[in-house]
Amino acid sequence: MSSSQATLSSSRKIELRGGRLVVSTKDGDHSAVVGREPVVVGRDEGCTIVVADRHVSAVHAELVATERGVRVRDLGSRNGTWIGDVAIDDAYLTASTKLSFGSVDARFEATAPEQHRVGASDRFGDLWGASLTMRQLFAQLAKVAATELTVLVEGETGTGKELVARAIHDASPRKNKPFVIVDCGAIAPTLAESLLFGHERGAFTGAMAKRESPFVEAAGGTVFLDELGELPVDVQPKLLRALAEKRVQAVGGSGYRPFDARIVAATRRDLLAMVADGSFRSDVYFRLAQVRTSIPSLRARTEDIPGLVAHMLSQSGAERAVSRVSRETITRLMRHDWPGNVRELRNAVSVALALAGDEGPIDIAAYIGPPATFRPAEQDPVSVAPSDASTYHEGKRRALSAFERSYFSRMLSECNGSVVEIARRADLQRAHVRRYLREHGLVPVPKKKTPK
């Protein structure tokens, strides 16, 4: 096996707590085992459990086994996901539980924890990580790379989605063929069809030369659809047809051209939530998400930071320079919240190394922003006096809650109640915006509907 692949010969075991979900409908019970692969409940035919009920959204909720229990995530449904009379956005089930999707009853039956092997390798391609979550990811990628399955890579900006896609390609049978990148976030709606499927010379004003489709250019390789969530809605049906038929028709062309390319897509958006609110087509999502993989944020795996610093210095040809990085610097790095994730760390390492010279300490932490803090009370309308809270943590919790309520109240007013616009301005997923609005009483919690 090449060094770009994760080795599975030496591995450790983890315990996943899963179970079985049973949804009761007029047509009888529908069930699915909840394990490592997500189970999606909804009306859409691509869902794991299809529920033909008007109170259930197209994609309503998702369940997946974790070490903490089965994670249940509402996908921005119209009528909510409920445990008893409590509407939940994100929760973990650790025992058998009754729940409902809108007005449709279901039950979760917990099973004994199951042991799963996790690969021991701390790298895959140019990716590095010694934490358990990253080793799990590398083990999954090593298996997926050898297949022809389409892969959807999810993760925040800067987590390394393109590196994952390239590593999958490099570890696949297609590694000696082209790796073609399509940045969906940079495609103007008026040019989307042309950039995806190509065009003939003179097909439209400005088409001075023929342009080949990236799917044809890949010629036996891999097409990477980056920022898939930004793809214009009106071109999505044409993409679905191209993927289903494995052929494309150039703008201005008279015939179809077959193509041979594997598809890997990536997004920083919550595509399932976008499917739920109608801004992304469900059939395109399920076509591209044969395998879903999620890259954890850097703040969720801070134990990897010391090793990442050493890895990045080594990649820069300065492996011995790690001895010039102090423990105090590493501590400061591990306390940072990393909004830019691994990309932000890499930039800080590069700048610090370039400016440090041949001797003396390399203060990487000097080139990152400070940990998240609140401005002084005289600058910030949201403040909590020490007498308002018995402990530091309680004071911080109250201040954060007050800030969130003030922020989203203002945004709600400025955006005329549009969750889509608030999400765009705040750079948050719509499901998260809805959760904040509900938590702070800025919009009503959906009422649980009972069958008539």
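Source: prediction; values computed, not measured.

With that settled, consider the pattern of salt bridges. Applying the stated rule across the entire model yields 28 salt bridges. Of the charged contacts, one joins D260 and R174 as a salt bridge, the two residues approaching to 2.8 Å between their closest N and O atoms. Residue D260 is located in the loop between strand 20 (257-258) and strand 21 (262-267), and its partner R174 is located in the loop between helix 2 (161-170) and strand 17 (179-183); the two are separated by 86 residues in the primary sequence. On the accessibility criterion, D260 (44% relative accessible area) is partly exposed. Where R268 meets E230, a salt bridge forms, and the shortest distance between an N and an O atom there is 4.0 Å. Placement of the pair is R268 in the loop between strand 21 and helix 6 (271-277) and E230 in the loop between strand 18 (222-226) and helix 5 (236-245), with a sequence separation of 38 residues. Each of the salt bridges in this network shares a partner with another, and the network as a whole consists of E62, R73, E154, D270 and R292.

Strand residues, when the strand is regular, have side chains that alternate between the two faces of the sheet. When you tally the buried positions in strand 6 (residues 61-65), you get five out of five residues, the bulk of the element. Neither face of strand 6 is open: one carries A61, L63 and A65, the other E62 and V64, and all of them are buried. The pairing of strand 4 (residues 39-42) with strand 6 spans three bridges and is classified as antiparallel. In the sheet register, V41 faces strand 6, and the bridge partner there is A61. Pairing geometry for strand 6 and strand 7 (residues 70-74), over five bridges, is antiparallel. The partner of V64 across the bridge, within strand 7, is R71. Connecting strand 6 to the antiparallel partner strand 7 that follows it, the hairpin turn spans four residues, and G69 within it adopts a positive phi of roughly 135°.

One open sheet accounts for five strands, arranged 5-4-6-7-10; its pairing is mixed. Of all the strands in the sheet, the pair left with one neighbour each is strand 5 (49-50) and strand 10 (90-93). One ladder, built from four bridges, connects strand 7 with strand 10; its direction is antiparallel. Residue pairing in the sheet places V72 in a bridge with A91 of strand 10.

Let us look at the nonpolar core. Within soluble globular proteins, side chains that are nonpolar tend to cluster in buried spots. Judged by nonpolar contacts, the single largest core of 38 residues is most densely connected at F215, L225 and L228. For this core, the secondary-structure elements that each account for two or more residues are strand 17, helix 3 (192-197), helix 4 (214-218), strand 18, helix 5, strand 21, helix 6 and helix 7 (282-288). Ignoring sequence-local partners within four residues, the contact set of F215 consists of L196, F197, V223, L225, L239, L243, V248, F259, A261 and I263. By size, the runner-up hydrophobic cluster in this structure holds 23 residues, among which are V325, I330, A348 and I368.

Bringing the pairing of strand 11 (residues 97-101) into the picture now. Burial runs high along strand 11: four of the five residues are buried. Sheet analysis places strand 8 (residues 81-83) next to strand 11, joined by two bridges and oriented antiparallel. Among the inter-strand pairings, T81 is bridged to a residue of strand 11, identified as F101. As paired strands, strand 11 and strand 12 (residues 104-110) are joined by five bridges and run antiparallel to one another. Bridge pairing in strand 12 places L99 opposite A106. Two successive antiparallel strands, strand 11 and strand 12, enclose a turn made up of two residues, where G102 displays a positive phi of approximately 65°.

On inspection of all chains with the given rule, the structure shows six aromatic pairs. Summarising the aromatic geometry, the rings of F215 and F259 are spaced 5.1 Å apart at their centres and angled 35° between planes, so their arrangement reads as tilted. Residue F215 is found in helix 4, and its partner F259 is found in the loop between strand 20 and strand 21; the two are separated by 44 residues along the sequence. No difference in accessibility class separates F215 from F259, as the two residues are buried. Joined through ring pairs, the aromatic side chains of F403, Y407, F408 and Y436 make up one cluster. Above the plane of the ring of Y92 lies R68, whose end atom (NZ or CZ) is 3.9 Å from the centre. A cation sits over an aromatic face here: R247 above Y256, 4.0 Å from the ring centre.

What follows is about a nonpolar patch on the surface. A contiguous nonpolar surface patch, about 290 Å² in accessible area, is contributed by V351, L355 and Y367. Assignment of secondary structure puts V351 in helix 10 (residues 341-356).

With that settled, the discussion passes to the layout of surface pockets. Its volume calculated, the second largest pocket comes out at about 410 Å³. When residues of the lining of the second largest pocket are traced back to their parent elements, those giving at least two are strand 15 (127-128), helix 2, helix 8 (305-315) and helix 10. Of the residues in the lining of the second largest pocket, the class split is eight nonpolar, five polar and nine charged.

Time to look at helix 12 (residues 419-426). All of the buried residues along helix 12 are V419, I422, A423 and A426. Around the axis of helix 12, the buried residues are gathered within 100° of arc, so they sit on the same side. Near the N-terminus of helix 12, the side chain that reaches the backbone nitrogen of E421, with its oxygen 3.2 Å away, is that of S418. Within two residues after helix 12, D427 carries a phi angle of roughly 60°, on the positive side.

Reading the values: the criteria
- Residues numbered from 1 in each chain as written.
- Predicted model: local features only at pLDDT ≥ 70, side-chain atom pairs only at ≥ 80, totals over all residues.
- Heavy atoms only, no water.
- Salt bridge = Lys/Arg side-chain N within 4 Å of Asp/Glu carboxyl O.
- Helix = DSSP H or I, 4+ residues; strand = E, 2+ residues; numbered from the N terminus.
- Buried < 20%, exposed > 50% of the residue type's maximum accessible area, 1.4 Å probe, protein only.
- Pairing = 2+ DSSP bridges.
- Core = buried A, V, L, I, M, F, W, Y, C linked by side-chain atoms within 4.5 Å.
- Contact = heavy atoms within 4.5 Å.
- Phe/Tyr/Trp six-rings, centres within 6.5 Å; stacked < 30°, edge-to-face > 60°.
- Lys NZ or Arg CZ within 6 Å of the ring centre and 35° of its normal.
- Patch = residues over 30% accessible without salt bridge, like charges linked within 9 Å, V, L, I, M, F, W, Y side chains within 5 Å.
- Areas by Shrake-Rupley, 256 points an atom, 1.4 Å probe, with all protein chains shown as cover.
- 1 Å grid on protein atoms, 1.4 Å probe; cavity = no way out; pocket = protein on both sides within 12 Å on 5 of 7 lines; lining within 4 Å.
- Points joined across faces, edges and corners; volume = space filled by probe spheres on them.
- Nonpolar A, V, L, I, M, F, W, Y, C, P; charged D, E, K, R; others polar.
- Arc of directions from axis to C-beta.
- Polar contact = N/O pair within 3.5 Å; in protein donor to acceptor, adjacent residues only side chain to side chain.

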